[in-house]
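Residues per chain, in single letters:
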Amino acid sequence: MSTSPRHRCDVAAIEHETVPFTQAARGEKVERTPVWMMRQAGRHMKVYRDLVAKYPTFRERSEIPEAALEISLQPFRAYGVDGVILFSDILTPLPAMGVEFQISEGGAISIPPIRTEADLAKFKGKGEFDATTACPFVGEVLGKLREEVGNKATVLGFVGLPFTLASYLVEGKTGTTSGFAEVKKMREENPELLHGILSKLADNIGDYACYQVDQGAQVIQVFDSWAGHLPKDQYETFAMPYQKRVVEAIKAKHPTTPVIIYMAPDIHSKDGQFLDLLATTGVNCVSLDYTVDFADVRAKMPDHLALQGNLDPKLLRDGPLDKIKEETEKILQAGAHNGHVMNLGHGIEADTPEPHAKFFVDTVQGFRAK
Ligand code: CP3
């Protein structure tokens with residue numbers, strides 16, 4: 001265990017013992033529901049904003065190991081969350097696949113797009129992308145996180161799934177502002193090219209997720225954030241098969257590592273429209289967005305499937321505290337008889353007051369089901 005003051009963590013201040021996060025994420029009922037928050041490391045915390053002066057760009061904060069380690073630990077130290085997620089991004093492995101990217105402080109992403117067969121040929125695939133050397137800083141941070149949190153929390157790694165990553169590669173930026181216009185054009189005019197991109201991504205991302213487990217990640221969350229804008233038939237053609245390939249690749253090498261899947265609510269995914277399909281991807285746990293009622297979904301899903309979520313991040317931001325408590329306990333009670341990992345239904349809002357986040361974590365950790 002590292003003893004440098006910079007990295008030492010005040011674990012004594014965190015009173016609870018480890019909860020069986022991995023069991024809960026694998027679908028088993030546990031004594032106390034574990035809790036973490038999507039996007040917990042980041043702008044809503046003052047200690048994070050203070051680090052921006054020292055590490056001005058997102059790429060520095062996520063790729064310089066001491067910065068990424070420090071930021072990953074901030075929510076653990078402040079709130080005692082049961083899950084500590086690597087501070088990184090779904091785009092982080094792209095340079096090792098031959099594609100550079102930039103992220104502005106406003107969150108604008110820019111990437112040289114892949115729009116032709118010649119562009120695809122330059123994009124690294126099997127035999128060219130080596131996950132074991134792609135992002136050494138990620139491996140270093142995951143290993144150190146395990147040392148720092150010991151048995152007080154579970155370390156999560158994560159990856160973006162092929163469709164969501166392909167949307168950035170094809171658009172050259174976020175697709176959310178144009179209705180994913182370039183991806184739509186490619187689906188219609190050159191679906192083979194899109195499948196070529198998705199296929200290389202599936203191989204690379206499967207390997208990269210396994211690398212994260214090898215380096216210390218105990219749970220992997222896979223994000224297909226933007227697949228919910230696809231109509232069902234298109235979703236089944238361009239998103240789902242590649243989700244399955246990544247999950248299968250993880251399970252082939254790491255059969256006991258729990259895998260959690262999340263998709264943002266969008267026109268075709270909100271109100272639980274794709275939950276049946278998400279449940280068949282081979283994951284252990286489906287992360288629910290804030291548009292569904294937890295108890296309704298629990299009643300419809302197979303018992304062995306764990307659920308994660310799903311407090312509305314806007315309620316966490318706006319309060320009041322008694323409403324946060326009421327909604328959180330309602331979800332906890334509905335989840336208590338199967339595997340459940342408490343979380344938000346989307347990333348934490350950047351303007352969430354830190355005492356609200358602390359209150360939420362305390363509420364979950366103090367709750368015992370009836
Ligand atoms: O929000 C989701 O749907 C989750 C999946 C996702 C991540 N990154 C995971 C993540 C997506 C879609 C992205 C792309 C991305 N990366 C965006 C969205 C751009 C768009 O299309 O509109 C942005 C702004 C980034 C850059 C980025 N990533 C920043 C500025 C940060 C810092 C955290 C913050 O305050 O927002 C991240 C971190 C990040 N992205 C994490 C994850 C899982 C870090 C770990 C965590 O705390 O959860």
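It should be noted that the structure appears before, not after, this text.
Reference entry: report on the structure contained in this document. (Residues numbered from 1 in each chain as written. Predicted model: local features only at pLDDT ≥ 70, side-chain atom pairs only at ≥ 80, totals over all residues. Heavy atoms only, no water.)

**Thoughts on empty space enclosed by the protein**
The test is simple: Grid spacing is 1 Å over the protein atoms alone, the probe is 1.4 Å, and a cavity is where that probe fits but cannot get out, while a pocket is an open set with protein on both sides within 12 Å along at least five of seven lines and lining residues have an atom within 4 Å of a point. Grid points are joined across faces, edges and corners, and a volume is the space filled by probe spheres set on the points. Three classes are used, and their members are as follows: Ala, Val, Leu, Ile, Met, Phe, Trp, Tyr, Cys and Pro are nonpolar, Asp, Glu, Lys and Arg are charged, and the others, Gly among them, are polar.
With the rule as written, the count across this model stands at one cavity of 30 Å³ or more. If you add up the space inside the largest cavity, you get close to 90 Å³. Met263, Ala264, Ser269, Gly272, Phe274, Leu275, Leu278, Ser287, Leu288, Asp289 and Val292 together form the lining of the largest cavity. Residues belonging to the lining of the largest cavity are distributed by class as follows: seven nonpolar, three polar and one charged.

**Brief notes about the packing of helix H8 (residues 162-171) against helix H9 (residues 181-189)**
Here is the rule we go by: Comment: axis = line fitted to C-alpha atoms, over the contacting stretch for helices; angle = value between 0 and 180 degrees taken between N-to-C directions. Here a strand is any run of E in DSSP of at least two residues, a helix any run of H or I of at least four, and the numbering for each starts at the N terminus. Each angle is binned into one of four classes, with values under 35 degrees roughly parallel, values over 145 roughly antiparallel, values of 65 to 115 roughly perpendicular, and all other values oblique. In what follows, residue pairs with any heavy atoms lying within 4.5 Å of each other are defined as contacts.
At a minimum axis distance of 8 Å, the contact between H8 and H9 shows a crossing angle of 100°. On the basis of the axis angle, H8 is roughly perpendicular to H9. Counted together, Phe163, Ser167, Val170 and Glu171 of H8 and Ala181, Glu182, Val183 and Met186 of H9 form the full contact between these two elements. Its residues placed into classes, the contact of H8 with H9 shows five nonpolar, one polar and two charged.

**Observations concerning the pairing of strand E6 (residues 259-262)**
Our working rule: Burial classification: accessible surface area is computed with a 1.4 Å probe over protein chains only, and a residue below 20% of its type maximum counts as buried, one above 50% as exposed, and the rest as partly exposed. Whether two strands pair depends on DSSP finding at least two bridges between them.
The alternating pattern of E6 places Val259 and Ile261 on one face and Ile260 and Tyr262 on the opposite face, and all of these are buried. Pairing of strand E5 (residues 219-223) with E6, which is carried by four bridges, proceeds in the parallel orientation. Counted as the bridge partner of Gln221 is Ile260 from E6. In this structure, E6 lies alongside strand E7 (residues 285-287), joined through three bridges in parallel fashion. Along E7, the bridge assignment pairs Ile261 with Val286.

**Concerning the site of the ligand**
Which entries qualify depends on this criterion: Proximity is defined per residue: any heavy atom of the residue falling within 4 Å of a molecule or strand makes that residue near it. In the analysis that follows, any N or O atom pair within 3.5 Å is treated as a polar contact, provided that within protein one partner can donate a hydrogen and the other can accept it, and provided that, for residues neighboring in sequence, both atoms belong to side chains. To be clear on the numbers: accessible area is Shrake-Rupley with a 1.4 Å probe, and residue cover counts the displayed protein chains and nothing else. Think of it this way: a molecule belongs to a cavity or pocket when more than half its atoms come within 2 Å of the grid points there.
Taken together, 23 residues lie around the ligand, and Arg39, Asp89, Tyr168, Thr174 and Ser225 are the ones closest in. In this structure, an oxygen atom belonging to the ligand sits 2.6 Å away from a side-chain N or O atom of Tyr168. Between the ligand and the protein, one listed contact pairs an oxygen atom with a side-chain N or O atom of Thr174 at 2.5 Å. About the coverage of the ligand: the protein hides 90% of its 880 Å² of free accessible area. A majority-of-atoms criterion places the ligand in the largest pocket.

**Here we look at the nonpolar core**
When a protein is soluble and globular, its nonpolar side chains tend to lie buried together. Operational definition: The set of buried Ala, Val, Leu, Ile, Met, Phe, Trp, Tyr and Cys residues whose side-chain atoms join them within 4.5 Å is what this entry labels a nonpolar core.
Among the nonpolar cores identified, the biggest contains 125 residues, and Met37, Leu91, Tyr235 and Phe360 are the most heavily contacted of them. Tallying contributions element by element places helix H10 (residues 191-215) first for this core, with eleven residues. Ignoring any residue separated from it by four or fewer positions in sequence, one finds Tyr235 in contact with Ala227, Leu230, Met240, Pro241, Gln243, Met263, Phe274, Leu277 and Leu278.

**Focus on unusual backbone geometry**
Geometrically, the link from Gly309 to Asn310 is a cis peptide bond, its omega value of 0° lying close to zero. On the secondary structure map, Asn310 appears in the loop between strand E8 (306-308) and helix H15 (313-318). With omega at 0°, the peptide bond leading from Gly319 into Pro320 counts as cis. Turning to its location among the elements, Pro320 is positioned in the loop between H15 and helix H16 (321-335). We note that Arg39 has phi near 60°; this positive angle belongs to a residue other than glycine. Tracing the chain through its elements places Arg39 in the loop between helix H1 (21-25) and helix H2 (46-51). Arg39 sits in the exposed class, given a relative accessible area of 57%. Of note in this structure, Phe180 is not a glycine but carries a positive phi near 55°. Along the polypeptide, Phe180 turns up in the loop between H8 and H9. For Phe180, a relative accessible area of 3% corresponds to the buried category.

**Quick look at the pattern of salt bridges**
To keep it simple, the criterion reads: By convention in these notes, a salt bridge is any Lys or Arg side-chain nitrogen within 4 Å of a carboxyl oxygen on Asp or Glu.
According to the stated counting rule, one finds 19 salt bridges in the structure shown. Through salt bridges with shared partners, a single network forms among Lys314, Arg317, Asp318, Glu349 and Asp351.

**Topic: the environment of Arg115**
Secondary-structure assignment places Arg115 in the loop between strand E3 (109-110) and helix H5 (117-122). Classification of Arg115 as partly exposed rests on a relative accessible area of 35%. Distance from Arg115 to Leu193, taken between C-alpha atoms, is 8.2 Å for residues 78 residues apart in sequence. Setting aside its immediate chain neighbours within four residues, Arg115 contacts Val170, Glu171, Glu182, Met186 and Leu193.

**Comments concerning H8**
Of all ten residues that make up H8, ten are buried, and the element is covered over most of its length. Restricting attention to buried positions, one finds in H8 the residues Pro162, Phe163, Thr164, Leu165, Ala166, Ser167, Tyr168, Leu169, Val170 and Glu171. Immediately beyond the C-terminal end of H8, within one or two residues, lies Gly172, with a positive phi of roughly 80°.

**A word on the sheet that holds strand E1 (residues 83-85)**
In space, the seven strands of this open sheet follow the order E1-E4-E5-E6-E7-E8-E9, with parallel pairing throughout. The open sheet has two edge strands with one neighbour each: E1 and strand E9 (340-341). In this fold helix H7 (residues 136-149) packs onto E1 and strand E4 (154-160), with an angle of close to 155° to the strand it touches most, E4. Here helix H12 (residues 240-253) sits on the sheet in contact with E5 and E6, set at roughly 165° to E6.

**With respect to the layout of surface pockets**
In this model, the largest pocket occupies a volume close to 1300 Å³. Around the largest pocket, the lining comprises 45 residues; the ones closest to its centre are Arg39, Arg43, Asp89, His346 and Gly347. Elements that contribute at least two residues to the lining of the largest pocket include exactly H2, helix H3 (58-63), H8 and H15. Split by residue class, the lining of the largest pocket holds 23 nonpolar, 13 polar and nine charged.

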